[in-house]
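# Per-entry structural report
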Amino acid sequence: MSSQIKQFSVQAPSNIAFIKYWGKHGRQLPNNPSLSMTLKKCVTKFDVQYELTEINQPCVDFLFEGEIKIPFKERIENYLMSIDDIYPLAKKLKLQIESSNSFPHSAGIASSASAMAALGHSLAYIEAITENKSVDDLPRRASFLARLASGSACRSLEGPFVVWGKSIVANSSDEYGLVLDNVHPVFTGLKDSVLIVSKTQKSVSSSTGHQLMNGHFYSEGRKVQAQENFRTLLAALTNGNLKDFGEIIENEALSLHALMMSSYPSYILLAPESLQLIQEIRKGREETGLPMYFTIDAGPNIHLIYPAEQADQVRNFIVERLQEYCVDIIHDEAGCGVVRVNG
Ligand code: DP6
């Protein structure tokens, strides 16, 4: 085995879930199938240097935008220790990662999905190179490894639409994300304008939120609802039915937040401005007939989703009616997943 230092760069996007992953069991296995859109502009870049040593312990140096980040170093080292049984190189790895985000720090965009997707791809790539394996299976192995670091990250390796979790989609799996085929052209280049109402760190992490689904009064109902919404959304994506699509993604977003509010302990991540935006979007949709719909992550920011064809009209609507509630807006759209350079 070579101990030579090698390097490459990886760029991985964030994703926005339309059917939400909420609740997990076993080794990062989801309680229900989820479906997301991979973003294009909100990406994390990793510049990676690595070598293989005989130290028998992973060693990671992690810099975020030039600054050493000990919590992230420890998180990755602990993660590597935890996957030792399925990733045999884990304890031999000496990694140096210089990371940066294309989106503003603390913009309320989930950076763990993009960062852990970049990590999953990096590890799968190092493994393929070291073991002289084909890189054809890389997205699947990368997604599998990313999932073990953060569930939603496994949907960021490819795009534009990805399914994670055993479902009616052929070959879908609880262990990795799978690109959804046969999506209607009306969804090509689908837009996501992220309406940022607050940049403060969320008060309760997603990991804690997932845990609170264990023993939740609505947990069995949630599984049934997610399966049902998944089926309807899949049909809408295949047939080009924007109205059904919109109804489901809004229902999923509000159900996610209802589950948080009805957990013990209960918590609320929505801000007053989030509700004002929801009302304005629904009212504006009635008035203008524009096919624009919202979804929400585990935070207060609103993702406004609309087809590329209506982009100009929706952008005008954002300026006229929504901008006043926002501290920032990021205009993103459907993307294709990880890109690697110099390697
Ligand atoms: C609300 O993937 O961040 O964004 O697996 O514990 O890292 P861990 O959780 P995470 O949960 C994301 C939850 C969500 C919905 C979704 O993306 O599907």
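Each chain has its residues counted from 1, running along the sequence as written. Residues qualify for local features only when their pLDDT is at least 70, as the model is predicted, and side-chain atom pairs are given and counted only at 80 or more; totals for whole chains, interfaces and linings, by contrast, use all residues. Values shown for side chains rest on all heavy atoms present in the structure; no hydrogens or waters enter the calculation.

Summing up its helical and strand segments, the protein chain has 8 helices and 14 strands in all. Its C-alpha atoms give the protein chain a radius of gyration of 20 Å, within 12% of the compact-globule value 20 Å for 343 residues. Dimensions of the protein chain along its principal axes, counting C-alpha atoms only, are 65 × 40 × 40 Å. Each residue gets one of three labels from its accessible area relative to the maximum for its type: buried under 20%, exposed over 50%, partly exposed in between, using a 1.4 Å probe on protein chains only. Counting only residues that meet the buried cut, the protein chain has 54% of its 343 residues in that class. Residue contacts are defined here by distance: any two heavy atoms, one from each residue, within 4.5 Å place the two residues in contact. Within the protein chain, contacts between residues separated by at least 24 positions form 75% of all contacts whose residues are at least 6 apart in sequence. With the model as given, the accessible surface of the protein chain reaches about 15200 Å², and the carbon-plus-sulfur share is 49%. Numbering of helices and strands starts at the N terminus; helices are DSSP runs of H or I of at least 4 residues and strands are runs of E of at least 2. Every radius of gyration here is taken over C-alpha atoms, with the globule rule written as 2.2 Å times N^0.38, N being the number of residues. Working definition of accessibility: Shrake-Rupley area with a 1.4 Å probe, residue cover restricted to the visible protein chains.

Next up on the list: the packing of aromatic side chains. The pairing test for Phe, Tyr and Trp rings, Trp by its six-membered ring, is centres within 6.5 Å, and the orientation test on the planes gives stacked under 30 degrees, edge-to-face over 60, and tilted for anything in between. Counted according to the given criterion, the structure contains 8 aromatic pairs. With centroids separated by 4.6 Å and ring planes inclined at 70°, the aromatic side chains of Tyr21 and Trp164 adopt a geometry described as edge-to-face. Of this pair, Tyr21 sits in the loop between strand S1 (6-19) and strand S2 (24-25) while Trp164 sits in strand S8 (residues 161-164), placing them 143 residues apart in sequence. For Tyr21, a relative accessible area of 9% corresponds to the buried category. Where Phe46 meets Phe62, the ring centres are 6.0 Å apart and the plane angle is 75°; that geometry is what we call edge-to-face. Within this pair, whereas Phe46 is found in strand S4 (residues 34-52), its partner Phe62 is found in strand S5 (residues 59-64), the two being separated by 16 residues in sequence.

With that settled, consider the sheet that holds strand S12 (residues 302-306). When DSSP finds two or more bridges between a pair of strands, those strands are recorded as paired. If you walk across this open sheet you meet the 4 strands as S11-S12-S10-S13, and the pairing is antiparallel. On the outer flanks of this sheet lie strand S11 (293-296) and strand S13 (328-333), each paired with one strand and no other. Each strand axis lies, on average, 25° off the axis of its neighbour in the sheet, ignoring direction. Bridging between strand S10 (residues 191-196) and S12 involves 5 bridges; their strand directions are antiparallel. The angle between two axes is taken between their N-to-C directions and runs from 0 to 180 degrees, where each axis is a line fitted to C-alpha atoms and a helix contributes only its stretch in contact.

Burial of S12 is extensive: 5 of the 5 residues sit out of reach of the surface. Residues Ile302, Leu304 and Tyr306 line one face of S12 and the alternating positions His303 and Ile305 line the opposite face, and both faces are buried. Of the strand pairs in this sheet, S11 and S12 are connected by 4 bridges, and their pairing is antiparallel. Its bridge partner being in S12, Ile296 is matched across the sheet by Ile302.

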